[in-house]
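Results of the structural survey
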Amino acid sequence: MTTYTAINLIARPQGGPIGPALFDVVQKKLPIVGQGEFLVKQSHMSLDPAMFGWMSPDPDSYIPPVELGTVMRSSGIGEVVESNHPDFYVGDRVMGMMGWQQYILSNGAGLNKVTVPLTDETILSIFALPGLTATQGLFNVGKPKKGETLVVSGAAGSVGSIVGQLAKAEGLRVIGIVGTADKADWIVNELGFDGAINYKSENLAEQLAQLTPEGIDIYFENTGGSIQHHVVNRMNAHGRIVVCGMIADYPKAQPDLAPSWIPIIKKRLTIQGFTMPDHFGDIPQLLEKLTPYVMQGKIKHRSHTLEGLESAITGLNFFFTGQNKGKLIVKL
Ligand SMILES: NC(=O)c1ccc[n+]([C@@H]2O[C@H](COP(=O)([O-])OP(=O)(O)OC[C@H]3O[C@@H](n4cnc5c(N)ncnc54)[C@H](OP(=O)(O)O)[C@@H]3O)[C@@H](O)[C@H]2O)c1
């Protein structure tokens, strides 16, 4: 093969579903591999809600937007197929920021070797962004204590499902907020959560009160949405709210109104946002914390794999419709 396919971002989302109008599918010539370089054939790439932020024009976010006319940003995993680099050999498996493209020419910056004998899907679902985010947010921001009650939104998603399982393993009572009965069933009956609430159902305050009889100590927020108001009303004194994501607001021109700040004073709450790029230097420590839970079989996952590079274009909408059942991955 002398050419390969890449997908460039050519327009910013304006609200509404993501589609082909935002992207240009291009054929590129395979590059010549120079001294100190190697060529990677990407096998699986991760789709993440963060991509909506990366596509938006906001220059004040935690990471610069993807420039129009350049390859869409994403992380992925692949194999070295040609190398003139002293430390990377043909056959090495590597992961890192690869973008929406079949091949990547690299000098090694930002790519790490993968040596654990796990499938690409498992690595992207647990040891990449989802597991690192869950570990950082739960332990370093949420500071869980045995016996406390944690509520997590987006609970059947890739981050939320790991947060809940880690908290269960630490001896907390864990309630998950999800958008379908099937997801509620999965987190309770497969993952061992203590309860689930469908945020699209009625009587949310009553359901929450029933499932959190001793109040809520930690709220791990992945979505936003109106249930946030009910959760804040049930927070215990000195509770912690870990603000990881607000997917309900990403497609809206105007975000939802936030809950009143009065309970923040009365309950002396701590509300803290975090983003993973601040913690990429902490990855070894985060993996050291996460890996034993995985090895003890305490972290189950499911990945939702789409076929073919171009499936990423409309696949991104699954995050808003809730169609993704687990970690959304594109198999190239
Ligand atoms: N801070 C960081 O560094 C960081 C890193 C990674 C991810 N995140 C954030 O963490 C959150 C979860 O990411 P993920 O990769 O694990 O995605 P995910 O949970 O696997 O997928 C997104 C899920 O959000 C739910 N959702 C969509 N619209 C919603 C709405 N209006 N109200 C409530 N729920 C809604 C859907 O599930 P239902 O069917 O249950 O509605 C959907 O499946 C995202 O907000 C993401 O931006 C942050």
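Residues numbered from 1 in each chain as written. Predicted model: local features only at pLDDT ≥ 70, side-chain atom pairs only at ≥ 80, totals over all residues. Heavy atoms only, no water.

A word on the packing of aromatic side chains
Heads up, the condition is: Only the six-membered ring of Trp is used, alongside the rings of Phe and Tyr, when aromatic pairs are assigned; centres must lie within 6.5 Å, and planes under 30 degrees apart are stacked while those over 60 apart are edge-to-face, with the rest tilted. Think of it this way: any DSSP run of H or I at least four residues long counts as a helix, any run of E at least two long counts as a strand, and we number them from the N terminus. Partly exposed residues are those whose accessible area sits between 20% and 50% of the maximum for their type, while under 20% is buried and over 50% is exposed, using a 1.4 Å probe and protein chains only. Criterion for a charge above a ring: Lys NZ or Arg CZ within 6 Å of the ring centre, and within 35 degrees of the ring normal.
Within this structure, the stated rule accounts for 6 aromatic pairs. Plain terms: the ring middles of Phe220 and Phe274 are 6.5 Å apart, the flat faces sit at 75° to each other, and that makes the pair edge-to-face. In this pair, Phe220 is assigned in strand E12 (residues 216-221) and Phe274 in the loop between strand E14 (270-273) and helix H9 (283-295), connecting sequence segments 54 residues apart. A relative accessible area of 0% means that Phe220 is categorised as buried. Using a relative accessible area of 9% as the deciding quantity, one classes Phe274 as buried. Lying over the aromatic face of Trp54, Arg73 brings its terminal NZ or CZ to 5.4 Å of the ring centre. Directly above the ring of Phe139 sits Lys289, whose terminal nitrogen or CZ lies 4.4 Å from the centroid.

With respect to the nonpolar core
Short version of the rule: For the purposes of this section, nonpolar cores are sets of buried Ala, Val, Leu, Ile, Met, Phe, Trp, Tyr and Cys residues that join through side-chain atoms within 4.5 Å. Any two residues having at least one pair of non-hydrogen atoms within 4.5 Å are treated as being in contact.
Among the nonpolar cores identified, the biggest contains 34 residues, and Leu150, Val163, Leu166 and Ile187 are the most heavily contacted of them. Taken together, the elements giving at least two residues each to this core come down to helix H2 (120-127), helix H3 (129-142), strand E9 (149-153), helix H4 (158-169), strand E10 (173-178), helix H5 (181-190), E12 and H9. Beyond its immediate chain neighbours, meaning those up to four positions away, Ile187 contacts Ala155, Ala156, Gly176, Val178, Gly192, Phe193, Gly195 and Ala196. Listed in part, the 24 residues of the second largest apolar core include Met72, Leu309, Ala312 and Val330.

A word on H9
The condition that has to hold: Multiplying 1.5 Å by the helix residue count minus one yields the expected span of that helix. Bending is quantified residue by residue as the angle between axes fitted to the seven-residue window ending at that residue and the seven-residue window starting at it.
Here H9 spans 18 Å end to end across 13 residues, near enough to the 18 Å set by a 1.5 Å rise per residue. Its maximal kink placed at Lys289, H9 deviates by approximately 25°, while the proline Pro292 follows within four residues. Regarding H9, the residues found buried are Leu286, Leu290, Tyr293 and Val294. Lining the buried residues of H9 we find H2, H3 and H4. Looking one or two places after H9, you find Gly297, whose phi comes out positive at around 75°.

Description of unusual backbone geometry
Of note, the phi angle at Asn203 is positive, near 55°, even though the residue is not glycine. Tracing the sequence through the fold places Asn203 in the loop between strand E11 (195-198) and helix H6 (204-211). One non-glycine residue, Arg268, adopts positive backbone phi at about 50°. Here Arg268 shows up in the loop between helix H8 (262-266) and E14.

Thoughts on the sheet that holds E12
Strands pair in a sheet through their backbones, by hydrogen bonds, and they do so in one of two ways: parallel or antiparallel. Keep this limit in mind: Criterion used throughout: strands pair if DSSP finds at least two bridges between them. All axes here are fitted lines through C-alpha atoms, helices being fitted over the stretch that makes contact, and every angle between N-to-C directions spans 0 to 180 degrees.
The strand order across the open sheet formed by 6 strands is E11-E10-E9-E12-E13-E14, and the pairing between neighbours is parallel. Each having just a single partner strand, E11 and E14 make up the two edges of the open sheet. If you compare each strand with its neighbour and ignore which way they point, the axes differ by 15° on average. Two strands pair when backbone bridges link them, and E9 and E12 are joined in this way by 3 bridges, in the parallel orientation. Following the sheet pairing, Val151 is matched in E12 by Tyr219. The strands touched by H5 are E10 and E11; relative to E11, the strand with the most contacts, the crossing angle is about 165°. Running at roughly 175° to E11, H6 makes contact with E10, E11 and E12 of the sheet.

Side note on the domain arrangement of the protein chain
Filter applied, for reference: Each domain's limits were defined by an automated method or a database of domain assignments. Accessible area, probed at 1.4 Å, shrinks when two parts are joined; the buried area is that loss added up over both. A side-chain nitrogen of Lys or Arg and a carboxyl oxygen of Asp or Glu constitute a salt bridge if their distance falls within 4 Å. A 3.5 Å cut-off defines polar contacts: any pair of N or O atoms within that distance qualifies, except that in protein one atom must be a possible hydrogen donor and the other a possible acceptor, and neighbouring residues in sequence count only when both atoms are side-chain atoms.
Partitioning the protein chain into structural domains gives domain 1 (3-115 + 302-331) and domain 2 (129-278 + 288-292). Tallying the contact residues gives 12 residues for domain 1 and 12 residues for domain 2. Between domain 1 and domain 2, roughly 1100 Å² of surface is buried when both sides are summed, and carbon and sulfur atoms account for 66% of that area. Area buried by domain 1 at its contact with domain 2 is led by Tyr62, Arg302 and Phe320, which between them contribute 44% of it. Linking domain 1 with domain 2 are 2 salt bridges. Asp182 is the partner of Arg302 in a salt bridge, and the nearest nitrogen-oxygen pair spans 4.0 Å. Seen at the junction of domain 1 and domain 2, the total is 2 residue pairs in polar contact (both at pLDDT 80 or more).

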